[in-house]
Amino acid sequence: MPPSFNTGLELSREGNRVLLAVEGEQTDHSSFLYTLGRAMTHQILLLLAMLTLGLAISQRRDQLPCRTVNKEALCQGLGLLHIPSVLSLDIRALYLSGNKLQSILASPLGFYIALRHLDLSDNEISFLQPGVFQALPHLEHLNLAHNRLAMGMALNSGGLGRLPLVVSLDLSGNSLYGSLVEQLLGEAPSLHTLSLAENSLTRLARHTFWGMPALEQLDLHSNVLMDIEDGAFESLPHLTHLNLSRNSLTCISDFSLQQLQVLDLSCNSIEAFQTAPEPQVQFQLAWLDLRENKLLQFPDLAAFPRLIYLNVSNNLIRFPAGLPQDSEDLHAPSEGWSAFLLSNPGHNTSTNPLSQLLNLDLSYNEIELVPASFLKHLTSLRFLNLSRNCLRSFEALRMGSLPCLVLLDLSHNVLEALELGAKVLGSLKTLLLQDNALQELPPYTFASLASLQRLNLRGNQVSPCGRQTEPGPTGCVDLSEIPTLRVLNMAGNSMQMLWAGSFLHTPLTELDLSDNPGLDVATGALAGLEASLEILKLQGNGLIVLNVDLPCFRCLKLLNLSENRLSHLPAWTQAVSLEVLDLRNNSFSLLPGNAMGGLETSLRRLYLQGNPLSCCGNGWLAAQLHRGRVDVDATQDLVCRFGSQEEVSLSHVRPEDCEKGGLKNINLIIILTFTLASAIIITTLATCCFLRRQKFSQQYKA
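Scoring rules and cut-offs
- Counting from 1, residues in each chain are numbered in the order their sequence is written.
- Given that this is a predicted model, residues contribute local features only at a pLDDT of at least 70 and side-chain atom pairs are listed and counted only at 80 or more, while totals for whole chains, interfaces and linings are drawn from all residues.
- Derived side-chain values reflect all non-hydrogen atoms in the structure, with water molecules and hydrogen atoms excluded from consideration.
- By the criteria applied, helices consist of DSSP H or I runs no shorter than four residues and strands consist of E runs no shorter than two, each listed in order from the N terminus.
- Here's how the labels work: a residue is buried when its accessible area is under 20% of the maximum for its type, exposed when over 50%, partly exposed in between, all with a 1.4 Å probe on protein chains only.
- Throughout, a residue-residue contact means that at least one pair of heavy atoms, one from each residue, lies within 4.5 Å.
- For every accessible area listed, the method is Shrake-Rupley and the probe measures 1.4 Å; residues are considered covered only by the protein chains on display.
- Any cysteine sulfur atom paired with another within 2.5 Å is treated as part of a disulfide.
- A cavity here means a set of points on a 1 Å grid, drawn over the protein atoms and nothing else, where a 1.4 Å probe fits but cannot get out; a pocket is an open set with protein on both sides within 12 Å along at least five of seven lines, and a residue lines either one if it has an atom within 4 Å of a point.
- Grid points are joined across faces, edges and corners, and a volume is the space filled by probe spheres set on the points.
- Asp, Glu, Lys and Arg are counted as charged, while Ala, Val, Leu, Ile, Met, Phe, Trp, Tyr, Cys and Pro are counted as nonpolar; the rest, among them Gly, fall into the polar class.
- Pairs of N or O atoms within 3.5 Å make up the polar contacts considered here, provided that, within protein, one atom can donate a hydrogen while the other can accept it, and that residues adjacent in sequence are counted only when both atoms are side-chain atoms.
- DSSP calls a pair of strands paired once it identifies at least 2 bridges connecting them.

## What about the overall build of the protein chain?
A count of helical and extended segments in the protein chain gives 8 helices and 36 strands. Taking all 702 residues of the protein chain together, the buried fraction comes to 43%. Sequence-distant contacts in the protein chain: of pairs separated by 6 or more residues, those separated by 24 or more amount to 51%. Entry remark: accessible area of the protein chain is about 35,500 Å², with carbon and sulfur atoms responsible for 54%.

## A word on the state of the cysteines
Going through the model one piece at a time under the given rule, you end up with 3 disulfides. Between Cys66 and Cys75 runs a disulfide, and the two sulfur atoms are separated by 2.1 Å. Since a negative S-S torsion denotes a left-handed disulfide, the Cys66-Cys75 link at about 125° is right-handed. Per residue, the accessibility class of Cys66 equals that of Cys75, and both read buried. A sulfur-sulfur separation of 2.1 Å characterises the disulfide bridge that pairs Cys615 with Cys640. Disulfide Cys615 to Cys640: torsion about the S-S bond roughly 100°, handedness right-handed.

## Points about the environment of Pro483
Note on placement: Pro483 falls in the loop between strand S25 (454-456) and strand S26 (487-489). When the C-alpha positions of Pro483 and Leu452 are compared, they lie 8.8 Å apart, and in sequence the two are 31 residues distant. Among all residues touching Pro483, those that are not within four sequence positions of it are His505 and Pro507.

## Focus: the layout of surface pockets
A volume near 640 Å³ is recorded for the largest pocket. Considering the residues around the largest pocket, the lining is formed by 25 residues, among which Ile228, Asp230, Phe233, Ser253 and Asp254 are closest to the centre. Where the lining of the largest pocket is concerned, the elements lending two or more residues are strand S12 (227-228) and strand S14 (251-255). When residues in the lining of the largest pocket are grouped by element, the largest group, 5 residues, is from S14. Residue classes in the lining of the largest pocket are distributed as 14 nonpolar, 6 polar and 5 charged.

## Digging into the side chain of Asn586
With respect to the element layout, Asn586 can be found in the loop between strand S32 (580-582) and helix H6 (593-596). Engagement of the side chain of Asn586 in a polar contact is seen with the backbone nitrogen of Asn564, the distance being 3.5 Å. Engagement of the side chain of Asn586 in a polar contact is seen with the backbone nitrogen of Arg565, the distance being 3.3 Å. Beyond its immediate chain neighbours, meaning those up to four positions away, Asn586 contacts Leu561, Ser562, Glu563, Asn564, Arg565, Leu566, Gly610, Asn611 and Pro612.

## Here we look at the pairing of strand S21 (residues 393-396)
A regular strand carries its side chains on alternate faces of the sheet. Side chains of S21 alternate between two faces, with Phe394 and Ala396 buried and Ser393 and Glu395 left unburied. By the bridge criterion, 4 bridges tie S21 to strand S23 (residues 417-420) in an arrangement that is parallel. Each residue of the ladder has a partner; that of Ser393, found in S23, is Ala417.

The quantities given are spatial measurements derived from coordinates; they are silent on function.
Laid out in structure tokens, this is it:
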């Protein structure tokens with residue numbers, strides 16, 4: 001207020017001087033004061049009006065729930081029916097998603113001429129005023145996803161109009177169909193990213209995208225596309241990412257998008273994928289997704305030497321019956337797997353097909369055999385998934401075969417044979433073989449894998465060989481002397497005997513031997529693992545006695561002995577690292593403190609459900625329950641028994657309950673002892689009387 005008042009006073013004085021100069025008259029003191037008072041009154045009224053207007057605007061802004069942070073107006077999910085008109089005029093981003101907007105008008109949207117980012121997604125917009133976005137000369141990002149644009153009758157009068165600087169446009173989830181999209185899309189010379197996903201498109205016309213020559217990424221997933229007119233993408237010379245997943249396409253023929261780098265065709269009904277004959281330039285495609293289609297044969301990919309990712313899982317692919325396992329015949333039928341083996345002069349490729357491939361997923365197909373001639377081209381492959389096929393055998397015998405492979409998944413097949421030659425799979429770290437029919441393998445099948453770290457053999461019929469004088473079972477596999485192996489799963493292999501020294505010099509950290517009913521663990525079977533083993537699972541083996549000196553495994557953190565018939569454990573007298581101990585469904589009645597004391601500092605979880613626990617004599621266990629430091633049975637109520645009585649909660653047992661029980665037992669013992677002594681005395685007296693009477697009778701007769 002004081003600065004404004006001073007300014008007004010100076011203006012009044014200056015104005016008074018001008019007035020005096022013009023009139024050229026001398027005024028008296030009273031006239032001067034009158035003129036000065038009128039000028040000051042006018043300035044004060046003007047200031048009051050301005051203050052009132054500013055206060056009103058400030059109050060309206062205070063009532064508006066939007067937040068403004070760094071010139072970004074955050075108005076999401078506020079139930080707004082209209083675009084706010086009292087926001088800062090210099091905002092650069094306006095987020096209005098999740099409201100109830102139904103129409104977008106040039107006023108008040110046109111007030112915010114500095115806008116670069118406008119998010120109108122997840123509203124109920126069905127009307128766009130013609131030219132509404134032309135009022136935003138700096139707009140770069142426009143999001144209209146998940147509205148009701150298909151219902152707007154105003155689309156016939158201009159659609160979105162020209163968007164000269166917009167680089168990303170999202171129109172997904174608006175139930176748009178072909179002709180409506182063509183009316184809606186205008187000229188967008190700078191557009192790089194366009195999403196038309198989750199609409200109702202059934203066909204792409206040749207001229208659909210003519211107004212956006214700079215487009216690089218186009219998302220059309222989750223439509224009903226059945227037909228793409230020839231040349232529909234010819235006007236997009238910079239297109240590198242194309243998503244056509246979840247549509248109704250049945251065939252890709254004459255594929256000619258040489259500049260495309262990423263193509264997603266998953267979840268269609270594609271039966272064939274073919275490139276255009278004799279392309280003029282080399283294809284740049286690096287990422288191809290064809291999963292969940294109806295491919296009957298492996299696609300011809302000889303034209304894609306830059307391909308690094310290929311997913312053809314969940315198809316109907318089979319290997320042609322006419323091609324032998326180790327075929328090198330370049331005149332084999334040009335179909336299926338053999339197609340990419342052929343030298344096609346028209347492709348003019350300088351490198352072998354698939355030589356740059358890093359990731360190949362062939363899972364969920366009908367493959368019965370993988371030829372060596374196929375594997376030899378995969379010189380850069382790191383991940384190969386052949387799970388859930390019909391494989392009966394797998395061979396990698398060629399020296400240097402799959403030199404870069406890190407993970408090989410052959411699980412859930414019907415494998416009966418696995419042959420790995422020397423110096424193959426030199427980089428392999430993970431081998432998944434679970435749920436097959438492997439039984440008799442060459443003894444050193446896995447010993448030759450120089451980098452193997454994880455091996456899963458669950459659900460087969462494989463047994464490890466021993467290292468002692470007693471020979472292992474016929475067809476056993478040597479799992480010792482593998483210095484890189486860390487994780488081994490042999491659950492459910494119907495093993496009957498685990499021989500001594502089975503894992504010597506193989507520093508496992510995790511070993512699963514569960515679900516081998518009747519397994520006999522020989523003394524020293526786990527020798528050599530004392531300094532490395534962290535996880536040991538022996539669940540469901542029916543063990544009565546455990547011939548493993550568990551306290552010697554100083555790194556062990558998780559031990560699962562559930563579903564056995566154990567009643568005793570070795571004594572942990574020194575501190576160890578064990579954190580989780582699972583003893584469920586065994587025959588334990590007591591866990592004495594002198595055997596469990598070494599677990600006091602490390603144990604965090606203890607599972608004991610399904611054991612005939614005694615209510616008395618389990619002082620250590622009762623102490624753990626009361627202290628709450630150890631999570632016993634994941635907070636479930638643990639039960640115990642007094643002799644043959646009904647089960648009661650162990651946490652409710654009091655010391656005096658056990659003392660009473662002990663006193664009753666002592667009284668019973670005294671009574672039984674007295675009765676037995678009385679019976680002995682009476683029997684002795686009766687015997688003596690009988691003998692004396694017999695002797696007297698003999699003397700009388702004499």
